[in-house]
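What follows is the residue order along each chain.
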Amino acid sequence: MSSPSPAPSSPSHAPSSSAPSAPSRDRVVAALRAAGCVFAEDEAELILSAARTPEELAALVDRRVTGLPLELVLGWAEFRGLRIAVEPGVFVPRRRTEFLVAQALAHAPGAGLVVDLCCGSGAVGAALAAGLGRPELHAADVDPSAVRCARGNLAAAGGRVHTGDLFDALPRTLRGRVDILAANVPYVPTDEVALLPAEARDHEPLVALDGGTDGLDVLRRVAAEAPGWLAPGGCVLVETSERQAPAALDAFARSGLTARLAVSEELYAHVVIGVRR
């Protein structure tokens, strides 16, 4: 192969002048660290692997540096080993919610009918389906953006996703038959929403965060109606905070459920479990 010809002397015709070079790994890490990303090295690896061109890499880094959650930058979040697609305006699944899934599978390892209420991206439903094989799976959310996202994530599991307010969204034929009812309800007290990290406060839907005056408005509604939907021995699981747990347990007990609290110190997760007697 012949040697390349010398570049023309005129700078206006230099072939490389308009071609952007990809930021190096070190530069990406430095930019993320300067923006306050605690796990800058790990995030850099994910962003570098996601970018297909130097231009895309620069854009992804810029989005992360300006405060967009990493999961929305990448377009997916990892949840119990699954890659869950997420999009702007949809609640990003938290690692602590994996504990809710683990508790559900431990209580009903042979569940045949599962409902993921307040499903958001559908991460909980997808993880339950993966752990159970292929149960009959239904999910519901009041937010159309979440419903659209969940339909994509639950399609492979044969999940059916419904739009509406809590149980109003579900087919009546499910009443009295549900083995696992997972409800990742909003539980942040209204006055504390402003105190959330900017990534949640600025980029996630308020309906997925605000649980009312004491944070338990939606939880109480779920507790009140759950017994009519559960099969005998079926369980309803709701994530809450340590401070709210006693009131949440009381709400479950008042609805006639046998209630207990499961806690993961490692994940700082508190899950209230109610079983239909």
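Every chain begins its residue count from 1, and numbering advances along the sequence as written. Residues qualify for local features only when their pLDDT is at least 70, as the model is predicted, and side-chain atom pairs are given and counted only at 80 or more; totals for whole chains, interfaces and linings, by contrast, use all residues. Side-chain metrics in this entry use all non-hydrogen atoms of the structure; hydrogen atoms and water are not considered.

## Here's the deal with the overall build of the protein
Step number 1: Numbering of helices and strands runs from the N terminus; a helix is a DSSP stretch of H or I covering at least four residues, while a strand is a stretch of E covering at least two. Scanning the protein from N- to C-terminus turns up 10 helices and nine strands.
Step number 2: Counting contacts in the protein only where the partners sit at least 6 residues apart, residues at least 24 apart contribute 61% of the total.
Step number 3: We get accessible surface area from the Shrake-Rupley algorithm with a probe of 1.4 Å; when it comes to residues, only the shown protein chains can shield them. By element, 53% of the accessible surface of the protein is carried by carbon and sulfur atoms, the whole surface being about 13,500 Å².
Step number 4: This count recognises Lys and Arg as positive and Asp and Glu as negative, with His and chain-terminal groups excluded. Charged side chains are reduced to one point each, which is NZ for Lys, CZ for Arg, CG for Asp and CD for Glu. Averaging the coordinates of the 26 positive side-chain charges in the protein and doing the same for the 33 negative ones gives two points 6 Å apart. Residues count as neighbours in contact if any of their non-hydrogen atoms are within 4.5 Å of one another.

## What about the sheet that holds strand E8 (residues 258–264)?
Step number 1: Following DSSP output, two strands are said to pair if at least two bridges run between them. With mixed pairing, seven strands are arranged side by side in an open sheet as E5-E4-E3-E6-E7-E9-E8. Each edge of the open sheet carries a strand with a single partner, namely strand E5 (160–163) and E8. Strand-to-strand twist in this sheet, taken as the mean axis angle between neighbours without regard to direction, amounts to 20°.
Step number 2: Two elements, E8 and strand E9 (residues 269–275), share seven bridges in a ladder whose sense is antiparallel. Paired with Leu261 across the strands is Val272, a residue of E9.
Step number 3: All axes here are fitted lines through C-alpha atoms, helices being fitted over the stretch that makes contact, and every angle between N-to-C directions spans 0 to 180 degrees. Along the sheet, helix H10 (residues 245–254) makes contact with strand E7 (230–240), E8 and E9, crossing E8 at roughly 150°.

## Let's talk about the confidence of the model for the protein
Step number 1: Per-residue confidence for the protein averages 91 on the pLDDT scale, and 92% of its residues sit at or above 70.
Step number 2: Here residues 1–17 scores under 50 on pLDDT; set against residues more than four positions off or in separate chains, the count is one contact. On a scale of 0 to 100, pLDDT captures the predictor's confidence in every residue.

## Regarding the environment of Ala129
Step number 1: For Ala129, the position within the fold is in helix H6 (residues 123–132).
Step number 2: Separated by 69 residues in sequence, Ala129 and Leu60 have C-alpha atoms that sit 32 Å apart.

## Focus on the packing of aromatic side chains
Step number 1: Only Phe, Tyr and Trp rings are paired, with Trp represented by its six-membered ring, and only when their centres lie within 6.5 Å; those with planes under 30 degrees apart are stacked, over 60 edge-to-face, the remainder tilted. Inspection of every chain in the model, using the stated rule, returns one aromatic pair.
Step number 2: Ring plane angle 25° and centroid distance 5.5 Å describe the contact between Phe167 and Trp229, whose orientation is recorded as stacked. Here Phe167 is found in the loop between E5 and strand E6 (178–183), whereas its partner Trp229 is found in helix H9 (residues 217–229), with 62 residues between them in sequence.
Step number 3: Taking the relative accessible area as the measure of exposure, Phe167 reaches 1% and is therefore buried. Accessible area is worked out with a 1.4 Å probe on protein chains only. A residue is then buried under 20% of its type maximum, exposed over 50%, and partly exposed in between.

## With respect to helix H5 (residues 98–107)
Step number 1: Within H5, seven of the 10 residues are buried, leaving the element largely enclosed by the surrounding structure.
Step number 2: Turning to H5, its buried residues number three or more, namely Glu98, Phe99, Leu100, Val101, Gln103, Ala104 and Leu105.

## Some words on unusual backbone geometry
Step number 1: Residues other than glycine seldom take positive phi values, yet Cys118 does so here, at roughly 55°.
Step number 2: Positionally, Cys118 belongs in the loop between strand E3 (113–117) and H6.
Step number 3: Its identity as a non-glycine residue notwithstanding, Tyr268 has a phi of 50°, on the positive side.
Step number 4: Mapped onto the fold, Tyr268 is located in the loop between E8 and E9.

## Brief notes about H9
Step number 1: Expected helix span is computed as 1.5 Å times (number of residues minus one). An ideal rise of 1.5 Å per residue puts 18 Å on 13 residues; H9 measures up with 19 Å between its terminal C-alpha atoms.
Step number 2: The largest bend in H9 amounts to roughly 30° and is located at Ala223, with the proline Pro227 lying one to four residues further along.
Step number 3: Here H9 has its buried residues at Val218, Leu219, Val222, Ala223, Ala226 and Trp229.
Step number 4: Where H9 is buried, its residues meet E3, E6, E7 and H10. Bending is quantified residue by residue as the angle between axes fitted to the seven-residue window ending at that residue and the seven-residue window starting at it.

## Description of the packing of H5 against H6
How two helices sit against one another is set out by the angle between their axes and by the gap between those axes.
Step number 1: At a closest axis distance of 10 Å, the pairing of H5 and H6 adopts a crossing angle of 35°. H5 and H6 meet at a crossing whose hand is right-handed. Across from Leu100, Val101, Ala104 and Leu105 in H5, the residues of H6 making contact are Val124, Ala127, Leu128, Gly131 and Leu132.
Step number 2: Residue classes follow a fixed rule: Ala, Val, Leu, Ile, Met, Phe, Trp, Tyr, Cys and Pro count as nonpolar, while Asp, Glu, Lys and Arg count as charged, and any other residue, Gly among them, counts as polar. Looking at the contact of H5 with H6 residue by residue, the classes come out as eight nonpolar, one polar and no charged. By convention the crossing between two helices is left-handed if the near helix lies anticlockwise of the far one by an angle smaller than a right angle, and right-handed if it lies clockwise.

## A word on the pattern of salt bridges
Pairing of side chains with opposite charge becomes possible as their charged atoms draw close.
Step number 1: Salt bridges are counted wherever a side-chain nitrogen of Lys or Arg sits within 4 Å of a carboxyl oxygen of Asp or Glu. What the rule picks out here adds up to 17 salt bridges.
Step number 2: Residues Arg201 and Asp202 are paired through a salt bridge, measuring 3.6 Å at the closest nitrogen-oxygen approach.
Step number 3: In this structure, Arg254 engages Asp250 in a salt bridge whose closest nitrogen and oxygen atoms are separated by 2.7 Å. Of the two residues, Arg254 and Asp250 both sit in helix H10, four residues apart, roughly one turn of that helix.
Step number 4: By relative accessible area, Asp250 is classed as partly exposed at 38%.

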